[in-house]
Amino acid sequence: MLLVYYSSSSEYTHRFVGKLDHPARRLPLLTKDETLLVDEPFVLVTPTYGAGPNRGAVPKQVVKFLNIESNRRHLVGVIGAGNTNFGAEYCRAAHKIAVKCQVPVLYRVELLGTPEDVAAVNQGLDKLCVSSLKTAM
């Protein structure tokens, strides 16, 4: 399953995605850069930024990417990356995207993800690939 992800210069999300056994494409770091166009099913991996009362949680680069209807059409699920220190705001961006795009939040991982997170996400993505192939037939 293709992963599309955003990672800031902290590289936390990038390092987590790098541990997974699935192809990945990274969204540009800067909003002024041209975003990706995706023409196949994918799972979005996103951190949460600036969450709080009356504040956005979804990175602007992710918003720009999802504002393209053809990208949204291929979205099958979301994985949230975050820090549990933020309490109720933990992985808020993934939940907002899931509701707006009517797809499931597949996983939530803290920072770089534990070895157990990596194994669980890989296993889930493998099952999602098999399910997608059966649906396509």
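Residues numbered from 1 in each chain as written. Predicted model: local features only at pLDDT ≥ 70, side-chain atom pairs only at ≥ 80, totals over all residues. Heavy atoms only, no water.

- Looking up the chain in an unreviewed UniProt entry gives the name Protein NrdI, with the organism given as Brevibacterium casei.
- Its UniProt record gives the chain the following Function (unreviewed entry) comment, quoted word for word: "Probably involved in ribonucleotide reductase function." (UniProt positions renumbered as here; feature names shortened; annotations may be inferred.)

## Comments concerning the packing of aromatic side chains
Okay, so step 1: Taken as a whole, this structure holds 1 aromatic pair when the rule is applied.
Okay, so step 2: Aromatic pair Phe 42 and Phe 65: ring centres 5.5 Å apart, planes at 70 degrees, arrangement edge-to-face. With Phe 42 in strand β3 (residues 42-47) and Phe 65 in helix α2 (residues 60-66), this pair connects stretches of sequence that are 23 residues apart. The burial state of Phe 42 is the same as that of Phe 65; both residues are buried. (Phe/Tyr/Trp six-rings, centres within 6.5 Å; stacked < 30°, edge-to-face > 60°. Helix = DSSP H or I, 4+ residues; strand = E, 2+ residues; numbered from the N terminus. Buried < 20%, exposed > 50% of the residue type's maximum accessible area, 1.4 Å probe, protein only.)

## Observations regarding the confidence of the model for the chain
Any segment with low pLDDT has predicted coordinates that should not be analysed in fine detail.
Okay, so step 1: Mean pLDDT over the chain works out to 88, with 89% of the residues at or above the 70 mark.
Okay, so step 2: For the chain, the element scoring lowest by mean pLDDT is helix α5 (residues 115-136), at 80; strand β2 (residues 24-26) scores highest, at 97. (pLDDT = per-residue confidence, 0-100.)

## Side note on the nonpolar core
Okay, so step 1: Ranked by size, the top nonpolar core spans 17 residues in total, and within it Val 4, Phe 42, Leu 44, Phe 65, Leu 75 and Ile 97 carry the most contacts.
Okay, so step 2: Where this core is concerned, the elements lending two or more residues are β1 (2-5), β3, α2, β4 (75-82) and α4 (92-101).
Okay, so step 3: If near-sequence neighbours (up to four positions away) are discounted, Val 4 is found in contact with Arg 25, Leu 27, Leu 36, Val 38, Phe 42, Val 43, Leu 44, Val 45 and Phe 65.
Okay, so step 4: The next biggest cluster of nonpolar side chains, apart from the first, holds 14 residues, and it includes Tyr 5, Val 43, Val 118 and Val 121. (Core = buried A, V, L, I, M, F, W, Y, C linked by side-chain atoms within 4.5 Å. Contact = heavy atoms within 4.5 Å.)

## Regarding α4
Think of an α-helix as turning once every 3.6 residues; residues three or four places apart then point the same way.
Okay, so step 1: Taken together, the buried positions of α4 are Ala 93, Ala 94, Ile 97, Ala 98 and Cys 101. In a view along the axis of α4, the buried residues occupy a sector of 135 degrees, so they form one face of it. Facing away from the buried side of α4 by more than 90 degrees, the exposed set consists of Val 99 and Lys 100.
Okay, so step 2: Those residues of α4 that are buried lie in contact with β3, α2, α3 (69-74), β4 and β5 (105-110).
Okay, so step 3: Positive backbone phi, approximately 55 degrees, marks Gln 102, located one or two places after α4. (Arc of directions from axis to C-beta.)

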